[in-house]
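Examination of the molecular architecture
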Amino acid sequence: MKKQVSITKAVKYVINSTDEKHTLLGIGPMSENFLRASLEISKEKDFPLMYIASRNQVDAYKFGGGYVFHADQKKFRDKIEAICEEIGYDNAYYLCRDHGGPWQRDKERNDHLPEAEAMEIAKESYKEDILNGFDLLHIDPTKDPDEMCKVVDIDVVFNRTIELIEYCEQVRKEYGIEKEIAYEVGTEETSGGLTSLDTYEGFIKRIKEYTEEHNLPMPIFIVGQTGTLTRLTKNVGHFNYENSKTLSEVAKKYGVGLKEHNGDYLSEAKLLAHLPLGITAMNVAPAFGTIETRALLELLDVEDKFADLGVIKGPSNLREALTHDSIYSMKWKKWLTDEVDMSNLEALDDATKLQITELCGHYTFSNDDVAKEIDKLYENLAAIKIDGKRFVIEKLKEEMEKHVRCFNMEGLTTKIMNAED
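Parameters at a glance
Residues numbered from 1 in each chain as written. Predicted model: local features only at pLDDT ≥ 70, side-chain atom pairs only at ≥ 80, totals over all residues. Heavy atoms only, no water. Helix = DSSP H or I, 4+ residues; strand = E, 2+ residues; numbered from the N terminus. Rg over C-alpha atoms; globule rule 2.2 N^0.38 Å. Buried < 20%, exposed > 50% of the residue type's maximum accessible area, 1.4 Å probe, protein only. Contact = heavy atoms within 4.5 Å. Areas by Shrake-Rupley, 256 points an atom, 1.4 Å probe, with all protein chains shown as cover. Salt bridge = Lys/Arg side-chain N within 4 Å of Asp/Glu carboxyl O. 1 Å grid on protein atoms, 1.4 Å probe; cavity = no way out; pocket = protein on both sides within 12 Å on 5 of 7 lines; lining within 4 Å. Points joined across faces, edges and corners; volume = space filled by probe spheres on them. Nonpolar A, V, L, I, M, F, W, Y, C, P; charged D, E, K, R; others polar. Pairing = 2+ DSSP bridges. Right-handed = clockwise from strand over helix to strand, strands pointing away. Core = buried A, V, L, I, M, F, W, Y, C linked by side-chain atoms within 4.5 Å. Axes fitted to C-alpha atoms, helices over the stretch in contact; angles between N-to-C directions. Left-handed = near helix turned anticlockwise from the far one by under 90°.

Okay, the overall build of the chain next. Secondary structure assignment for the chain yields 15 helices and ten strands. For 421 residues, the compact-globule estimate of 2.2 N^0.38 gives 22 Å, and the chain sits close to it at 21 Å. In terms of its C-alpha atoms, the chain occupies a principal-axis envelope of roughly 75 × 50 × 45 Å. Relative to its full complement of 421 residues, the chain shows a buried share of 57%. Long-range pairs, those at least 24 residues apart, make up 76% of the contacts in the chain between residues at least 6 apart in sequence. Summing over all exposed atoms, the chain offers an accessible surface of approximately 18000 Å²; the carbon and sulfur share of this is 48%.

This is how it looks when you write it as structure tokens:
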């Protein structure tokens, strides 16, 4: 049975813990395999999970659903609950909205929706989150198609943030939902208007004053820029120790936690530094998708060898399907660096094709053609006594284990539950 410990209590414990230091991990729900892997290791290592679903990954079907097993909020919740039932899960997990808000679906931004329409869609999406039991909502109104590559005015960010929090609290009360909803505000994007330390603290102070005056919940996380930046399958940013320490101290002064985004592909040395720097939580998403794609490619190498030996008579066509769909998904646009030439998709060399496949493969797992070939791969390997799905899950758990160790998360749920309120 899932343990009942609120996300607010978990965050407050990490912020205020003095005997030990801990950092929480927010993980993108990149696939069903990853849901299973993360729930298994959470059960084994006794730590809470934060599933951070973007609107592109999980959203209401009226807005297009999500690319993660074509899920809306209900299907996402039900899938997790089904896995929990199957494995006898007895720890704590939280459903979290990552980058909720206007223009946060790629299509909305590309279509340059008017502000009123974009805000209305954002509210409807949050409503579905709330009605399906989400624990944490990231209020991020800093994307604006008319302010591309520009800093959105901080007053606009503040006003949109307050409007959305007030709406969410109104929905919670209207539907008689007694469970508290926790909030995260701010963004790691340079266009978010929180690029300086003075602006960062001023924003927190302003939010705190308004929420106290209007009897609204103070957000538990404030997103800050630590210097991380994910591009391709590496972190090309420059992790700033001094800035991270200052941001965490400023956030703690107001009783909230510093949330770091874009924590993918960081070295273990940098992960270990999160504890003494006081970073309350870090988000990782595409890195886990890359791990799963690479695991599938390794399994394809095995399939190829046994096909050459004549043991596997009908090998899958997964490599071709995965590569084609990754390239033509166009999802690579926001992750590329200047040195990658994608001007002619028909003339890409093998190295670039592999790079794009590793980067964008997870976007395609639920495509009918790719899903069919993944199943065929697993069937072929099962015929030679190899459990391909378990191989993938264990690879994902190995990556999770690194974060559990570096963030001192083992046993954390029990410590939180035993702490006095």
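Bringing the environment of His-403 into the picture now. Looking at the element boundaries, His-403 is found in helix H14 (residues 388–406). Distance in space between the C-alpha atoms of His-403 and Leu-25 is 7.7 Å, their sequence separation being 378 residues. Ignoring any residue separated from it by four or fewer positions in sequence, one finds His-403 in contact with Leu-25, Leu-271, Met-282, Val-284, Phe-288 and Met-409.

Further remarks concern the pattern of salt bridges. Evaluated as defined, the whole model comprises 34 salt bridges. The closest approach of N and O atoms between Glu-40 and Lys-397, which form a salt bridge, is 3.0 Å. Of the two residues, Glu-40 sits in helix H2 (residues 32–45) while Lys-397 sits in helix H14, which places them 357 residues apart along the sequence. Given the relative accessible area of 9%, Lys-397 is considered buried. Here Arg-294 and Glu-358 are joined by a salt bridge, their closest N and O atoms 3.3 Å apart. Linking Arg-294 in helix H10 (residues 286–308) with Glu-358 in helix H12 (residues 350–360), this pair joins segments that are 64 residues apart in sequence. Through salt bridges with shared partners, one network takes in Glu-40, Glu-44, Arg-390, Glu-394 and Lys-397.

To continue, consider the layout of surface pockets. Estimated volume of the second largest pocket: approximately 340 Å³. Along the wall of the second largest pocket there are 17 residues; nearest its centre are Glu-32, Phe-365, Ser-366, Ala-371 and Ile-374. For the lining of the second largest pocket, the secondary structure elements donating two or more residues are H2, H10 and helix H13 (368–383). With four residues, the top contributor of residues to the lining of the second largest pocket is H13. Each residue belonging to the lining of the second largest pocket can be placed in one class, and the counts come to nine nonpolar, four polar and four charged.

Where burial is concerned, the two faces of strand S10 (residues 281–284) agree: the one with Ala-281 and Asn-283 and the one with Met-282 and Val-284 are both buried. Of the strand pairs in this sheet, strand S1 (residues 24–27) and S10 are connected by four bridges, and their pairing is parallel. Following the sheet pairing, Leu-24 is matched in S10 by Ala-281. As judged from the two bridges shared by strand S9 (residues 257–260) and S10, these two strands associate in the parallel manner. Directly across from Glu-260, in S10, lies its bridge partner Met-282. Each parallel crossover has a hand, and the one from S9 via helix H9 (residues 268–277) to S10 is right-handed.

Here we come to the nonpolar core. In terms of nonpolar packing, the biggest core is built from 122 residues, with Leu-39 and Phe-76 touching the most fellow members. Considering every element that reaches this core, the biggest residue donor is helix H6 (residues 154–174), with eight residues. One finds Phe-63, Trp-103, Leu-113 and Ala-118 within the second-largest nonpolar core, a separate group that totals six residues.

At their nearest, the axes of H10 and H14 sit 9 Å apart, and the two run at 145 degrees to each other. Of the two possible hands of crossing, H10 and H14 adopt the one that is right-handed. Contact residues: H10 offers Phe-288, Ile-291, Glu-292, Ala-295, Leu-296, Glu-298 and Leu-299, while H14 offers Gly-388, Phe-391, Val-392, Lys-395, Leu-396, Glu-399, Met-400 and His-403. Here the residues of the contact of H10 with H14 sort into nine nonpolar, two polar and four charged.

So, on to unusual backbone geometry. Its identity is not glycine, yet Met-330 carries a phi of approximately 65 degrees, on the positive side. Summarising the element assignment, Met-330 is placed in the loop between helix H11 (318–328) and H12. For Lys-385, which is not glycine, the phi dihedral falls at a positive 65 degrees. Tracing the backbone through its elements, the reader meets Lys-385 in the loop between H13 and H14.

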